[in-house]
Amino acid sequence: MTDQATTPSDCSESVFHYAVQQSAIAISITDANARILYVNPAFCAITGYPAAEVVGQRQSLLSYKSTPRDVYQRMWASLTAGRAWTGRLLNRRRDGSPYVAELTVTPIRSPGEDAVHYLGMHWDATEEHRLAQQLGNHRQLIESVISVAPVAVVLLDGEGRVVLDNPAYRRVVAEMAVAEPAHAVMSALRDNLGEAFDHAVGHRRAILNQELRFDRGGGEPRWYSCSLSWFEEQSTSPDAFYEDASRDYLLLVMHDISASKRQQEALRLAAMRAMLSEGELNQSLREALSGAVFQLQGPVNLIAAAAGLQRRRAGAAAVADPLVKALADAQRAGEEAIATLQAAMPPEPVQSVGPVNLNEVLRDVLMLETDSMLAAGITVDWRPAHVLPSIQGDATALRTLFRVLVTNAVEAMNVRGWTERSLAIVTAPHGSQVEVELTDSGPGIPEALRLKVFEPFFSTKPGKGGARGVGLSLAQEIVSRHRGVLEVDAHHAGGCRLRVSFPGARAAAAALAREGR
Ligand code: FAD
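Residues numbered from 1 in each chain as written. Predicted model: local features only at pLDDT ≥ 70, side-chain atom pairs only at ≥ 80, totals over all residues. Heavy atoms only, no water.

Enquirer: How do you make sense of the overall build of the protein chain when you look at a structure like this?
Expert: Of regular secondary structure, the protein chain possesses 16 helices and 17 strands. Its C-alpha atoms give the protein chain a radius of gyration of 46 Å, clearly above 24 Å, the size a compact globule of 517 residues would have. Each of the three principal axes of the protein chain carries a C-alpha extent, and together these read 160 × 55 × 45 Å. Counting only residues that meet the buried cut, the protein chain has 34% of its 517 residues in that class. At a minimum sequence separation of 6, the contacts of the protein chain that also span at least 24 residues come to 56%. Taken together, the 51 basic and 58 acidic charged side chains of the protein chain have centroids lying 7 Å from each other. (Helix = DSSP H or I, 4+ residues; strand = E, 2+ residues; numbered from the N terminus. Rg over C-alpha atoms; globule rule 2.2 N^0.38 Å. Buried < 20%, exposed > 50% of the residue type's maximum accessible area, 1.4 Å probe, protein only. Contact = heavy atoms within 4.5 Å. Lys, Arg positive; Asp, Glu negative; His and termini not counted. Charge placed at Lys NZ, Arg CZ, Asp CG, Glu CD.)

Enquirer: For this particular structure, what's the right way to read the pairing of strand β14 (residues 422-430)?
Expert: On a regular strand, one side chain projects to one face of the sheet and the next to the other, so that they alternate. In this structure, strand β12 (residues 379-383) lies alongside β14, joined through five bridges in parallel fashion. Note that in β14 the partner of Trp 382 across the bridge is Ile 425. Note that β14 and strand β15 (residues 433-440) share eight bridges and pair antiparallel. The residue of β15 that forms the bridge with Ala 424 is Thr 439. (Pairing = 2+ DSSP bridges.)

Enquirer: So what exactly am I meant to see when it comes to a negative patch on the surface here?
Expert: Taken together, Glu 232, Asp 239, Glu 243 and Asp 244 make up a surface patch of like negative charges. Looking at where Glu 232 falls in the secondary structure, it is placed in strand β9 (residues 222-234). (Patch = residues over 30% accessible without salt bridge, like charges linked within 9 Å, V, L, I, M, F, W, Y side chains within 5 Å. Areas by Shrake-Rupley, 256 points an atom, 1.4 Å probe, with all protein chains shown as cover. Salt bridge = Lys/Arg side-chain N within 4 Å of Asp/Glu carboxyl O.)

Enquirer: Is there a simple way to explain the sheet that holds β14 in this structure?
Expert: Think of a sheet as strands paired side by side through backbone hydrogen bonds, with each pair either parallel or antiparallel. Here we have five strands laid out as an open sheet, ordered β12-β14-β15-β17-β16, and mixed in their pairing. Sheet topology places β12 and β16 (485-488) at the edges, where each strand pairs with a single neighbour. Strand-to-strand twist in this sheet, taken as the mean axis angle between neighbours without regard to direction, amounts to 15°. Running at roughly 165° to β12, helix α12 (residues 358-368) makes contact with β12, β14, β15 and β17 (496-503) of the sheet. Where helix α15 (residues 471-481) meets the sheet, its contacts fall on β16 and β17, and the angle it forms with β16 comes to roughly 140°. (Axes fitted to C-alpha atoms, helices over the stretch in contact; angles between N-to-C directions.)

Enquirer: Help me understand the sheet that holds strand β6 (residues 152-156) in this model?
Expert: In space, the five strands of this open sheet follow the order β7-β6-β10-β9-β8, with antiparallel pairing throughout. Single-partner strands in this sheet number two, and they are β7 (162-165) and β8 (207-214). Neighbouring strand axes in the sheet, compared pairwise and without regard to direction, differ in orientation by 25° on average. As defined by bridge partners, β6 adjoins β7 across three bridges and the pair is classed as antiparallel. Pairing of Val 154 across the sheet is with Asp 165, part of β7.

Enquirer: Please clarify how the site of the ligand should be interpreted in this entry.
Expert: Around the ligand, the structure places 21 residues, and the nearest of them are Ala 32, Tyr 72, Met 75, Trp 76 and Asn 91. A distance of 2.8 Å is found between an oxygen atom of the ligand and a side-chain nitrogen or oxygen belonging to Trp 76. With respect to the ligand, the side chain of Asn 91 contributes an N or O atom lying 2.8 Å from a nitrogen atom. Starting from 910 Å² of accessible surface for the ligand in isolation, the protein chains cover 76%. Those elements giving two or more residues to the shell around the ligand turn out to be α5 (69-80), β3 (85-92), β4 (98-109) and β5 (116-124). Ranked by the residues each element gives to the shell around the ligand, the list is headed by α5, at six residues. (Near = heavy atom within 4 Å. Polar contact = N/O pair within 3.5 Å; in protein donor to acceptor, adjacent residues only side chain to side chain.)

Enquirer: Before we go on, may I ask you to explain the pairing of β17 in this structure?
Expert: Burial within β17 is extensive, with seven of its eight residues counted as buried. Bridge count for β15 against β17 is eight bridges, and the pairing is antiparallel. Across the sheet, Glu 437 pairs through a bridge with Arg 499, a residue of β17. Two elements, β16 and β17, share four bridges in a ladder whose sense is antiparallel. Bridging from a neighbouring strand, Glu 487 pairs with Arg 499 of β17.

Enquirer: Whenever I open this one, the packing of aromatic side chains confuses me. Can you help?
Expert: Each pair of aromatic rings is reported with the distance of its centres and the angle of its planes. What the rule picks out here adds up to three aromatic pairs. Between Trp 76 and Tyr 118, the ring centres sit 5.5 Å apart and the planes meet at 85°, which makes this aromatic pair edge-to-face. Taken together, the residues Trp 76 in helix α5 and Tyr 118 in strand β5 connect sequence positions 42 residues apart. Tyr 118 gets classed as buried once you look at its relative accessible area, which sits at 6%. Judged by centre distance (5.9 Å) and plane angle (35°), the ring pair of Phe 231 and Tyr 249 falls under tilted. In this pair, Phe 231 is assigned in strand β9 and Tyr 249 in strand β10 (residues 246-256), connecting sequence segments 18 residues apart. For Phe 231, a relative accessible area of 40% puts it in the partly exposed group. For Tyr 249, a relative accessible area of 8% corresponds to the buried category. (Phe/Tyr/Trp six-rings, centres within 6.5 Å; stacked < 30°, edge-to-face > 60°.)

Enquirer: What is the right way to look at the packing of helix α10 (residues 258-314) against α12 in this model?
Expert: Packed helix pairs are characterised by how far apart their axes lie and by the angle those axes make with each other. Following both chains from N to C, one finds α10 and α12 inclined at 85°, their axes separated by 11 Å at the closest point. It follows that α10 is roughly perpendicular to α12 by the angle criterion. For the pair formed by α10 and α12, the contact residues are Glu 265, Arg 268, Leu 269, Met 272, Arg 273 and Leu 276 on the first element and Asp 364, Met 367 and Leu 368 on the second. Taken together, the residues of the contact of α10 with α12 break down into five nonpolar, no polar and four charged. (Parallel < 35°, antiparallel > 145°, perpendicular 65-115°, else oblique. Nonpolar A, V, L, I, M, F, W, Y, C, P; charged D, E, K, R; others polar.)

Enquirer: Please explain the packing of helix α8 (residues 181-193) against helix α9 (residues 195-202) as it appears in this structure.
Expert: It is the contact of α8 with α9, at a shortest axis distance of 5 Å, that shows an interaxial angle of 120°. When the interaxial angle is binned, α8 and α9 end up oblique. From α8, Met 186, Leu 189, Arg 190 and Leu 193 reach across to α9, where they touch Glu 195, Ala 196, Phe 197 and Asp 198.

So, in structure tokens, the structure goes:
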């Protein structure tokens, strides 16, 4: 751009004069020693000095005397080299109050003159400086709060790239075996919430306090309460000055709740253990009392038959016949004993039937039996199907079932001199069935006893009081109640393999519909 181009001929000197006079920017013109020759009204308005008071003074009268010396040195180095200088200085008004001046000084050489003049133009940038500082302070505050926060925080851009994280999140990255935990959280939330997740993401709705469990290779699982929210950044590009251009960021906050989850889990297991023990005790009592009633019923029936025979034989003299009376007394005593035993029978447990995932039931049972298996030195090979359809059933009864089977396996292997001690548990869907296979490396069940072991009161172990031999018949009863099949694998050698299969929840519902229930 040439000088001619910036001084159009139709723009008179007076127009330039008025332009300078009426400019909102403070303008001063100095000589080569920074002695003021001219100031415009905006200069007077900003500094508080009337023109008459500053003309003839040095520009330094505006200095607040706290601007570092090297700032002026750089300014003057630039000016004496003939280059303009722009920067911020701290100025003092006439009343002594400070303000931040955004100043540009330009050396002016008029044609045909040796002397240099300087054109100074400044505006009050105090407010802008305040806002910039405030922004910086906020940013620093947020960063320091986030960095000491006990929750993991991570900000992802539209492409899922991490743009900001905090030390707690970096600890999660180090602890979890996955490359980017934020991505693992997102896909776990998608799996858990299904359509609700897509809806929330599509409408930029927050997802709050979703509990997720992460299993780490070897270590204890970690639980996080995860919240997703959206942050909209307005574009700072000049292109978007009049447009609504913004970018979305995803803010993920992960709160480690493993400690309280572990506590809850311990309480749940304790309650479950108590419930199962009580249920098993009641069931054993019911089995024992039913057996006793069954055993008594035979002799009482015989006495009743003998009493009838004797009554008919005695005919009219039956009333006075002492044998008829003795037999009648014996029959009554027997019937009373049966009634007493029946009254002592604990009530059947209330069943609550619903969809049950056998992987969860077995995981609970393994946790309950951990101590006894550790004590017996038994290793467990637990191979759950990744996705196992639910079955329709009573979770408590099913826990009792598998607890009985696992306890039997532990007892079978935990004998003196038996060195092979392993238990494999595999779950798998088979068509419409859900199958569980328990294989122990114990002595196995001899072929001759494969059916007998399911009879009540039958036990291969010597009786030590309590309800010996009730376990497998109880297991069989629970399996039958769930329309399942429990069988001993006749072809398996080197231990005992039990196979339990149940109809999946869908197959069970179809069967009920067929029966019109
Ligand atoms: P000074 O004694 O002025 O000098 C500080 C440093 O600058 C020294 O290193 C000195 O060697 C060098 N220096 C000073 N004058 C010259 C010169 N003429 N040639 C070469 N080197 C020199 N300052 C403000 O604080 N606020 C303003 O708003 C402001 N506006 C200005 C507008 C114009 C047009 C000009 C030319 C200067 C302006 N100045 C302003 C700078 C001002 O002139 C002083 O340099 C500054 O205020 C420092 O003053 P001082 O008395 O502390 O130091």
